[in-house]
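Architecture at a glance
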Amino acid sequence: MRMPLPSAAAGTAVATAVASAALAAALAVLPGAAFAAEAPTSSSFTISDPRIKESSGLAASRIHPGVYWTHNDSDDGPYIYAVDSATGRTVARVTLTGIGKPRDVEAISLGPDGQLYVGDIGDNRNGTWDHVWIYRFPEPKQLGDVTVKATQFTVRYADGARNAEALMVHPVTGRVYIASKDESKGGLYEGPAELSADGSNVFRRVADVPWVTDGAFSPDGNRLTLRGYFWARTYPWKDGRPEGEGERVDAPWQGQAESVTYAPDGSTLMFGAEGEGSRVIAVPAGAAPSTGTSAAPKPGSPSEAAQSPEPTGSFGKGAVVLAVGLAIVFAAKRLLRRRRG
């Protein structure tokens, strides 16, 4: 006898329970020193808005000090939130019009033109959508709930469809980059010099990168920081490419780590994660490493993809438990989204 599939609500509850158990088990065997401690700075904050349950991107405002723009992952609608880091409260919700129904919004970045770029670039169908979208609108000069008309850009990849969660706008050139998310080898994709609302914008692979959940350029455009679930690295940026193997960043442990951005002065990296009441943690950014004269592996090469020596002892056990738990949760979320899609 074939058992009926559980409802979306029941599936979500099961996924949540599994996640809690897996994460608790992992944390129980992980030594406290295994993860970077939260930086003692007032820049860290907690997102208090209960509507923001899947914060998947961060962008620091340039005209509203201490304000960060974020958005939910999926199933929320065309909404962008402004959060005051001093209080953790939402001070504006922007409703986007002039676009279709968002599918899987994963990233946000502020360009040198003063406009916010929102990446509807996730692909819950394992890279089978033949196009994704970018939405662009001017950063509101006044904070408050407002409806704005956004420009929608269609994006295709030169080497075929793929899943992605990271979108970065270079703060000097204004060129848009997307980093794909792949278990074996992701890619950094460069968009055209200017996006066009007519037809498709073809993004071309310019570098290999590890499994990436978000990325951000430093305000001066000289560094690119990429993050995954268990790592973060900062690369020198030269001639439109990341250089060398980069430098490890002491990213905080955050479970489903989904976002990163620079503070406006470039001295601090802000790391965010999904989950209701999620914490955004400030970490000193440091300087971009020098590539020197020795040959360095390209981002995404075997030595880079390893990211760290093989874990041992309690850390290794915890990492295994954690990885299994996260894999189950992500698979459950993907199944539920497919059923709703």
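What this report covers is the structure whose coordinates are included nearby.

Parameters at a glance
Sequence positions are assigned chain by chain, starting from 1 and proceeding in written order. Reporting of local features is limited, given that this is a predicted model, to residues whose pLDDT is at least 70; pairs of side-chain atoms are given and counted only at 80 or more, and all residues count toward the totals for whole chains, interfaces and linings. Think of the side-chain values as coming from all heavy atoms in the structure, minus any hydrogens and water. Put simply, a nonpolar core is a bunch of buried Ala, Val, Leu, Ile, Met, Phe, Trp, Tyr and Cys residues held in one set by side-chain atoms that sit within 4.5 Å of each other. The cut-offs for exposure are 20% and 50% of the maximum accessible area for each residue type, with area from a 1.4 Å probe on protein chains only; residues under the lower value are buried, those over the upper are exposed, and the others partly exposed. In what follows, residue pairs with any heavy atoms lying within 4.5 Å of each other are defined as contacts. What makes two strands pair is DSSP finding at least two bridges between them. Each helix corresponds to a stretch of at least 4 residues labelled H or I by DSSP, and each strand to a stretch of at least 2 residues labelled E; elements are numbered beginning at the N terminus. Working definition: a ring pair exists when centres of Phe, Tyr or Trp rings (six-membered ring for Trp) sit within 6.5 Å. Plane angles under 30 degrees give stacked, over 60 give edge-to-face, the rest tilted. The rule is short: NZ of Lys or CZ of Arg within 6 Å of the ring centre and within 35 degrees of the ring normal puts a charge over the ring. Think of a polar contact as two N or O atoms within 3.5 Å of one another; within protein, one of them needs to be a possible hydrogen donor and the other a possible acceptor, and neighboring residues in sequence only count if both atoms come from side chains. By convention in these notes, a salt bridge is any Lys or Arg side-chain nitrogen within 4 Å of a carboxyl oxygen on Asp or Glu.

Below, the discussion takes up the nonpolar core. Soluble globular proteins tend to bury their nonpolar side chains together. Membership of the largest hydrophobic core comes to 19 residues, with the highest contact counts inside it found for Trp69, Ile80, Leu96 and Phe137. Every residue in contact with Leu96, bar those within four places of it in the chain, is listed here: Pro78, Ile80, Tyr135, Phe137, Val148 and Ala150.

All right, on to the sheet that holds strand E21 (residues 268-273) then. Across the sheet, which stays open at both edges, the 4 strands sit in the order E1-E22-E21-E20 with antiparallel pairing between neighbours. The sheet is open, and its two borders are formed by strand E1 (45-46) and strand E20 (257-262), each paired with just one other strand. Strand direction decides the pairing type here: E21 and strand E22 (residues 279-284), joined by 4 bridges, are antiparallel. Residue Thr268 lies in a different strand from E22, and its bridge partner there is Pro284.

In this structure the tally under the stated criterion is 6 aromatic pairs. Here Tyr157 and Tyr189 contribute two aromatic rings whose centre-to-centre distance is 5.0 Å and whose plane-to-plane angle is 70°, an arrangement assigned as edge-to-face. Separated by 32 residues along the polypeptide, Tyr157 in strand E10 (residues 151-157) and Tyr189 in strand E13 (residues 186-190) bring together distant segments of the chain. One aromatic cluster in this structure is built from Tyr177, Phe217 and Trp237. Looking at Arg103, its charged tip hangs above the ring of Trp133, at a distance of 4.3 Å from the centre.

What follows covers the side chain of Asp123. On the secondary structure map, Asp123 appears in the loop between strand E7 (115-120) and strand E8 (132-138). There is a polar contact of 3.0 Å between the side chain of Asp123 and the backbone nitrogen of Trp129. With residues near it in sequence (within four places) discarded, Asp123 still touches Asp104, Thr128, Trp129, Arg162 and Asn163.

This paragraph deals with the sheet that holds strand E9 (residues 146-149). The strand order across the open sheet built from 5 strands is E2-E3-E4-E5-E9, with neighbouring strands paired in mixed fashion. Of all the strands in the sheet, the pair left with one neighbour each is strand E2 (59-60) and E9. As defined by bridge partners, strand E4 (residues 79-84) adjoins strand E5 (residues 90-97) across 5 bridges and the pair is classed as antiparallel. Following the sheet pairing, Val83 is matched in E5 by Thr90.

Note: most residues except glycine have negative phi, and most peptide bonds are trans. Positive phi, close to 55°, is recorded for Asp239, a residue that is not glycine. Looking at the element boundaries, Asp239 is found in the loop between strand E17 (232-238) and strand E18 (241-242). Overall, the relative accessible area of 69% leaves Asp239 in the exposed class.

For the structure on display, the rule yields 8 salt bridges. A salt bridge links Arg175 to Glu190, with the nearest nitrogen and oxygen atoms 3.9 Å apart. Placement of the pair is Arg175 in the loop between strand E11 (164-169) and strand E12 (176-180) and Glu190 in strand E13, with a sequence separation of 15 residues. Assessed through its relative accessible area of 22%, Arg175 is described here as partly exposed. Here Glu190 falls in the buried class, since its relative accessible area comes to 18%. Between Lys185 and Asp208 there is a salt bridge, and its shortest N-O distance comes to 3.7 Å. Taken together, the positions of Lys185 in the loop between E12 and E13 and Asp208 in strand E14 (residues 200-209) put the pair 23 residues apart, joining distant regions of the chain. Taking the relative accessible area as the measure of exposure, Lys185 reaches 39% and is therefore partly exposed. Where salt bridges share partners, they join Arg175, Glu190 and Arg241 into one cluster.

No statement about biological role is implied by the geometric values presented.
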